[in-house]
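So you can see what is in the structure, the chains are spelled out below.
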Amino acid sequence: MGPNNESAYLKNEDNSPDDKEKLEDKFFSLLNQLPSELQKRWRDRLRFEDNPRKAVAGLMEIIRRREDALNQPTILKRGIILESNLSKEEKIRRENLIGRIIDEVKRNGLGMIGEGRTSQVFVSEVDSRFCYKVIVDTEVGQRIYRQGNNVAQEVDYLDMIISRMGDRALVPKPYYYQMGPNIHFYVMERIPGGVDLEKILTGEVSLPQNFDLEKFSHQLRSFIQEMNQIGIYHRDFISAGRRIIYGRNIMIDKDNNPWVIDFGSAVMDFGEDSVFRKGMYISDEEAIERIIDILKSKVYA
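Below: a short report on this structure.

**Comments concerning the pattern of salt bridges**
Applying the stated criterion across every chain, the model contains 8 salt bridges. Notably, a salt bridge pairs Glu289 with Arg221, separated by 2.7 Å at the nearest N-O pair. Of this pair, Glu289 sits in helix H10 (residues 284-299) while Arg221 sits in helix H9 (residues 213-230), and the two are 68 residues apart along the sequence. Judged by relative accessible area, Glu289 falls into the partly exposed class, the value being 32%. Judged by its relative accessible area of 35%, Arg221 falls in the partly exposed class. For the salt bridge of Asp236 with Arg248, the shortest nitrogen-to-oxygen distance reads 3.0 Å. Of this pair, Asp236 sits in the loop between strand S7 (232-233) and strand S8 (238-240) while Arg248 sits in the loop between strand S9 (244-246) and strand S10 (250-252), and the two are 12 residues apart along the sequence. For the pair shown, Asp236 and Arg248 are each scored as buried.

Here it is as structure tokens:
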């Protein structure tokens, strides 16, 4: 069946009941072209969709858009482009471009995969290698955001860690940021199979299979120690609000490696008189040891 005939067939509402089985076969053959992490949503859509033709047509469109995105060079694949190097018109064009991507993600994509006090993180099914951290437009979120680092500063910290530590940097790679009048966001690498350590410690999520506590602890301790030696302090692994939350901003990937995210509260430590030294925050190393102790209780329970 050629592309034109296939399109006409999908639009035809009067096919025989036997067509439902053919449509489902077509659907699952298309589904195999998507990454496994995106397939569940589409299986659910087929199950709840009264008209399977709509599910097949929607899946075909997503696959086409994915192919276009993966085959064309975009700003996301060229790395961070400093604002000082862009004309005013180009800044507006790129802000609008990413703004449209974020709108599309909210509307048609997998949607939100993370939410904090100041931001939401979205992933697009068109290209799931990237995720988008967007500062929320709420009074509380904006107030806290102004007290911490803006997205450009966060990207600077991530860049500094990666440039100094190379493969030892357990942070997502940033690609692009924008601080426009209507939206602040940055685009970064998506952590493969990422699970929040906080959810494991609270019992919301089970420990991954074959989890190696000794390896995980060594990787995390070594990274934190080297990051602190560079002069960067994260300061947001433990939250002490209405209830103490351990394991914030640490994720575990599909291979059980730790990743550190969200440098919105990070600082550079320049000496004995810094804010960090004055004891206003738990040191990163102390926070990590507390977190590892709780993790041990989960592993050996």
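**Regarding the pairing of strand S3 (residues 130-135)**
S3 sits mainly inside the fold: 6 of its 6 residues count as buried. Neither face of S3 is left uncovered, since the one carrying Phe130, Tyr132 and Val134 and the one carrying Cys131, Lys133 and Ile135 both have all their residues buried. The pairing of strand S2 (residues 119-123) with S3 spans 5 bridges and is classified as antiparallel. What sits directly across from Val123, in S3, is Cys131. Taken together, the 5 bridges between S3 and strand S5 (residues 184-189) define a ladder with antiparallel strand orientation. For Val134, the partnering residue across the bridge sits in S5 and is Phe185.

**Some points on the nonpolar core**
Core analysis: the biggest nonpolar cluster contains 41 residues, and Ile161, Leu197, Phe223 and Phe263 have the highest contact counts within it. Trp42, Ala55, Leu59 and Ile63 belong to the second-largest nonpolar core, a separate cluster that totals 12 residues.

**What about the environment of Met112?**
With respect to the element layout, Met112 can be found in strand S1 (residues 111-115). Between the alpha carbons of Met112 and Val123 there is a distance of 6.7 Å; along the sequence they are 11 residues apart. Setting aside residues up to four positions removed in sequence, Met112 forms contacts with Gln120, Val121 and Phe122.

**Concerning the pairing of S5**
With 5 bridges connecting them, strand S4 (residues 174-179) and S5 associate as antiparallel partners. Residue Tyr177 lies in a different strand from S5, and its bridge partner there is Tyr186. The hairpin formed by S4 and S5 contains 4 residues between the paired strands.

**As for the packing of helix H7 (residues 151-165) against H9**
It is the contact of H7 with H9, at a shortest axis distance of 11 Å, that shows an interaxial angle of 105°. Judged on the interaxial angle alone, H9 and H7 are roughly perpendicular. Across the interface between the two elements, Met160, Ile161, Arg164 and Met165 of H7 pack against Phe223, Glu226, Met227 and Ile230 of H9. Across the contact of H7 with H9, the residue classes tally to 6 nonpolar, no polar and 2 charged.

Criteria and thresholds
- Residues numbered from 1 in each chain as written.
- Predicted model: local features only at pLDDT ≥ 70, side-chain atom pairs only at ≥ 80, totals over all residues.
- Heavy atoms only, no water.
- Salt bridge = Lys/Arg side-chain N within 4 Å of Asp/Glu carboxyl O.
- Helix = DSSP H or I, 4+ residues; strand = E, 2+ residues; numbered from the N terminus.
- Buried < 20%, exposed > 50% of the residue type's maximum accessible area, 1.4 Å probe, protein only.
- Pairing = 2+ DSSP bridges.
- Core = buried A, V, L, I, M, F, W, Y, C linked by side-chain atoms within 4.5 Å.
- Contact = heavy atoms within 4.5 Å.
- Axes fitted to C-alpha atoms, helices over the stretch in contact; angles between N-to-C directions.
- Parallel < 35°, antiparallel > 145°, perpendicular 65-115°, else oblique.
- Nonpolar A, V, L, I, M, F, W, Y, C, P; charged D, E, K, R; others polar.

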